[in-house]
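Residue strings, one per chain:
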Amino acid sequence: MSLKLDDVIDSPAFAADPFPYYRELQADDPVQWSRRWNCWVVTRYEEVRTCLQDFRRFSNVGRITGLFHRHFDAAQLAALQPLVAHYSQGLINVDPPEHTRIRKLLHDAFRPATISRLAGHVRQFVDELLAARLGAQRLEVVHDLAHPLPVQVIAELFGVPRADVNLFTRWSAGIVEFMKSPQPAFETCLRSQTSLLELRAYLRAAMAERRTRPRDDVLSLMVHAQSEGEALTEEEILGTSVTLLLGGHETTTRLLTTTILELLRHPAQLDQLRADPSLMETAVEEFLRYCGPFHRDQRVCLTDTTIGGIAIAKGDYILLMLAAANRDPEQFADPDALDLARKPNRHLAFGFGPHICLGAHLARLEMAVALGTLLASCRELRLCSDPIAWDFGFLRGPRELVIEFKR
Ligand code: HEM
């Protein structure tokens, strides 16, 4: 009998190492219905990529709001109205052509040339964060580096004063709370909604200021963006800004933490990267493939159709297991090997198709600077956390990771 994901979803063994389970599903039941999550679970590379690309059959509309409609009654939905309304708007919650229009207006801000201008800031943030721990020769990677870094970078992108960065950190953590499970509790959603409303109020005030006094930041760009007579509405800017904060924060935190853990578990690769920093570009792609944080992306099926020969009904909810696809032996030779020079490496860690990650260049930059600086300033890295406690919702990463080193 083939493996039932429902039987292992909550097990510590699945959180600690989901990849053998993914492999079994790919071999025996690559499009499996989960009763626990009330959705289809797709694990093979080919099918995951097709679903990501084919927005006519597999929609982003309702990918989050569908959660609320499926799990809550009318009174609960009324109480969550601001959360539902927010997740009906913005870049990641709409399909082409509406999506294409918004994305075009953001294109300039996220081109590699624009993002590379942030390199000095990223370096400065990494240096400051590491300098604070060099004396102790001990780092709790999540708290000391991987959590604060991306939020500082996004705050810089938005032109938010450094004094307000802690607010962004708190709101980001508060909002994502409800996304940790495909079936979040009502109270969790209410708490996320409070954080969301506070962040939206802050952004609204900042947008009003940028309207009269534009600056060199993404918020000003969105407020003033015009293309062929098109502009972004206030709701679209708010929706997209929150996606930028959430999309760029915990993803990067978890990738950086899991990468440091995997390097410590693979000393030969750690030495290889230290000895040859020119490997950094392919190494970052390999970390994305091997231990990319985004395990479960979502789509809603727009029509009765099939995936991998399995009938899927209109309105069904689909989880696309990006991390499983990235270890699919049909696509990657020796998929469980961490090969820092792997090429080609057509991983799906940033998604694929119209919604492919807008912040991919920024994430790559943060990874390269953080890892490069860590390896250059810290010798004899040693893992102190054992066993690892995993956070495993849509994203996966260690809850904390203590390392020691010599200067
Ligand atoms: C390791 C870091 C990151 C990972 C693994 C990641 C992953 C992803 C994935 C898988 C998607 C596609 C979602 C879908 O298809 O529904 C996505 C979209 C997106 N990401 Fe990222 N992301 C990362 C970092 C960032 C950063 C740093 C930013 C910006 C500050 C960002 C902003 C976005 C935005 C705005 C979208 C929506 C794009 C659209 O709908 O067109 N991400 N990301």
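Below is a short write-up of the structure. What you see is a predicted model; the values in this text were computed from it and never measured.

## Focus: the site of the ligand
Lining the immediate surroundings of the ligand are 28 residues, of which His99, Arg103, Arg299, His355 and Cys357 lie closest. Contacts to the ligand include Arg63, whose side-chain N or O atom sits 3.1 Å from an oxygen atom. His99 places a polar side-chain atom, nitrogen or oxygen, 2.6 Å from an oxygen atom of the ligand. Sorting the residues of the shell around the ligand by element identifies α8 (98-106), α16 (234-265), β7 (296-301) and α20 (360-377) as the ones contributing at least two each. A total of seven residues in the shell around the ligand trace back to one element, the largest contributor, which is α16. For the shell around the ligand, a count of residues per class yields 14 nonpolar, ten polar and four charged.

## Considering the coordination of the iron atom of the ligand
For the iron atom of the ligand, the sole protein-derived donor is Cys357 (SG), lying 2.3 Å away. Examined against the element boundaries, Cys357 turns out to sit in the loop between α19 (322-325) and α20.

## Regarding the side chain of Thr282
The topology assignment puts Thr282 in helix α18 (residues 280-291). Contacts of Thr282, omitting those with residues within four sequence positions, involve Leu340, Ala341, Arg342 and Lys343.

## Looking at the environment of Arg162
As for its placement among the helices and strands, Arg162 is situated in the loop between α12 (148-158) and α13 (165-176). It is 29 Å that separates the C-alpha atoms of Arg162 and Met280, two residues lying 118 residues apart in sequence. Setting aside chain neighbours within four positions, we find Arg162 in contact with Gln124, Phe125, Glu128 and Gln152. Within polar-contact distance, the side chain of Arg162 engages the side chain of Glu128 at 2.9 Å.

## Side note on unusual backbone geometry
Cis geometry is adopted by the peptide bond preceding Pro97, which originates at Pro96 and carries an omega value of 5 degrees. You can see Pro97 is positioned in the loop between α7 (81-86) and α8. That bond from Lys343 to Pro344 is cis: its omega, -5 degrees, falls within 30 degrees of zero. Its place among the elements puts Pro344 in the loop between α19 and α20. The phi dihedral of Asn38 falls on the positive side, at around 60 degrees, and the residue is not glycine. Summarising the element assignment, Asn38 is placed in the loop between β1 (31-34) and β2 (39-42).

Definitions and limits used
- Residues numbered from 1 in each chain as written.
- Predicted model: local features only at pLDDT ≥ 70, side-chain atom pairs only at ≥ 80, totals over all residues.
- Heavy atoms only, no water.
- Near = heavy atom within 4 Å.
- Polar contact = N/O pair within 3.5 Å; in protein donor to acceptor, adjacent residues only side chain to side chain.
- Helix = DSSP H or I, 4+ residues; strand = E, 2+ residues; numbered from the N terminus.
- Nonpolar A, V, L, I, M, F, W, Y, C, P; charged D, E, K, R; others polar.
- Donors = N, O, S within 2.8 Å, 3.2 Å for Na, K, Ca; no water.
- Contact = heavy atoms within 4.5 Å.

Interpretation note: all reported values are geometric properties and have no functional meaning in isolation.
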